[in-house]
Amino acid sequence: MGRKATFLYFHFISVLFTFAFAAFTIIVGIGSHNNPNQGFILPLLGLGMMPLLFSNLIIFIYWSLRWKIWVLIPVIAIAANHEYISAKYQYPSNNQPPIANNRLIKIASFNVESFHGYPSVYSVGEIKELMKENQIDIFCLQEFSESSFFNVDSISNMFKDYPYASIHKSKKEGFNLVVYSKFPIENNADIWFNSSDNSAMWVDIRVDNKLIRVFNCHLQTTNFNQTRGLLAKVTLAGFYDSKKEAVKQIMLKMAVNAEKRAEQTDLICNIIDTTKHAMILCGDLNDTPASYSYYKIKGKLQDGFQSAGSGFESTFRYLHSLFRIDYIFHSKELTGRKYITPSFDFSDHNPVIMELSVKKRRSNNIMTS
């Protein structure tokens, strides 16, 4: 094969690969929003959206350096996933909506991983200082726990600046949920999930004359930390057949948990549909923006990061901080002003903090539940 023939051959392969990879990226991007109960492969592949998009960027650079029209193909693949990209990155901006006479509230959501695994005056004190430093008005905690030496009353005493609280006790120790508020809590309800230790809750909080329903959610865990331990053990042992079986079990476990999260999401969205007043949804969804859970909830509410965030967004501290699985969503009656995820070496998650503008209502227009 001559030099020209070889060049044409590799050029053809490069073009073919560019088209195939772009098509694959688009299909995964769209399919990742599918309900896992209707097929798990595409939602699973959605976990790799970041590497897929980065690879398309490299292909874009390759064709750009060669000044070829094929540069448009990766551009199309990247543009087709603009919703995912905007859920991971927002261009920094100093522009904020005017406050006017509106009330500003700050809300936080944090999976505290059972207060370092053991609640004490020191571990709970770290959360207290975090909320004080950021002037938080309402905060939602997931994996809230107590101990015989430091019970719920002791923890609540640490948060005496928050006179209103609603605590949801889960079926599993260390999986409790809580909402602390400086504003009155008027109603509350627990949301139980079938065949799961995870759960959710909501509270109605009166902010001036406006009622806001705040959801605190902890969807089905991925069990990734537990299952990767199994894989590590069989890898170290050198049992290659067992490693294959371990990977299979991990995939099955991830599929089952994804299906559970989809069912839990549908249940929460049904409650959202029947709620007549403003809403904020906080929590650990254990799912990325390339998922059914995110897509379904965002169809009901607005992603706080998209409405008020900036820069690159990630909440899970491990796996090179690539994954965003903790969120604050809000309804259109509220206006996002600021959304941050400060690095906080406390649990395997970082806290999410959002500032919202709440339009004040006259006393004769008080909204009731």
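Residues numbered from 1 in each chain as written. Predicted model: local features only at pLDDT ≥ 70, side-chain atom pairs only at ≥ 80, totals over all residues. Heavy atoms only, no water.

Quick look at the packing of aromatic side chains now. Scanning all chains against the criterion turns up 16 aromatic pairs. When the centroid spacing of 5.7 Å and the interplanar angle of 70° are considered together, the rings of F19 and W70 count as edge-to-face. Placement of the pair is F19 in helix 1 (residues 3-31) and W70 in the loop between helix 3 (49-65) and helix 4 (72-80), with a sequence separation of 51 residues. For F19, a relative accessible area of 39% translates into the label partly exposed. (Phe/Tyr/Trp six-rings, centres within 6.5 Å; stacked < 30°, edge-to-face > 60°. Helix = DSSP H or I, 4+ residues; strand = E, 2+ residues; numbered from the N terminus. Buried < 20%, exposed > 50% of the residue type's maximum accessible area, 1.4 Å probe, protein only.)

As a further point, take the environment of K171. Mapped onto the secondary structure, K171 falls in the loop between strand 4 (164-168) and strand 5 (176-181). In this structure, the C-alpha to C-alpha distance between K171 and D197, residues 26 residues apart in sequence, is 5.5 Å. There is a polar contact of 3.2 Å between the side chain of K171 and the backbone oxygen of F193. Within the structure, the side chain of K171 is placed 3.4 Å from the backbone oxygen of S196, a separation counted as a polar contact. (Polar contact = N/O pair within 3.5 Å; in protein donor to acceptor, adjacent residues only side chain to side chain.)

Next up on the list: the packing of helix 1 against helix 3. Axis separation between helix 1 and helix 3 bottoms out at 10 Å; the angle between their running directions is 150°. Taken together, the axes of helix 1 and helix 3 lie roughly antiparallel to each other. Judged by the sense of rotation from one axis to the other, the crossing of helix 1 with helix 3 is left-handed. Here H11, S14, V15, F17, T18, F21, A22, F24, T25, V28 and G29 of helix 1 come into contact with helix 3, specifically with M49, L52, L53, S55, N56, I59, Y62 and W63. (Axes fitted to C-alpha atoms, helices over the stretch in contact; angles between N-to-C directions. Parallel < 35°, antiparallel > 145°, perpendicular 65-115°, else oblique. Left-handed = near helix turned anticlockwise from the far one by under 90°. Contact = heavy atoms within 4.5 Å.)

In total, this model carries twelve salt bridges according to the counting rule given. For E146, the salt bridge is made with K169, and the minimal N-O distance between the two is 2.8 Å. Residue E146 is located in the loop between strand 3 (138-144) and helix 8 (152-158), and its partner K169 is located in the loop between strand 4 and strand 5; the two are separated by 23 residues in the primary sequence. Connected through shared salt-bridge partners, D303, E313 and R324 make up one network. (Salt bridge = Lys/Arg side-chain N within 4 Å of Asp/Glu carboxyl O.)

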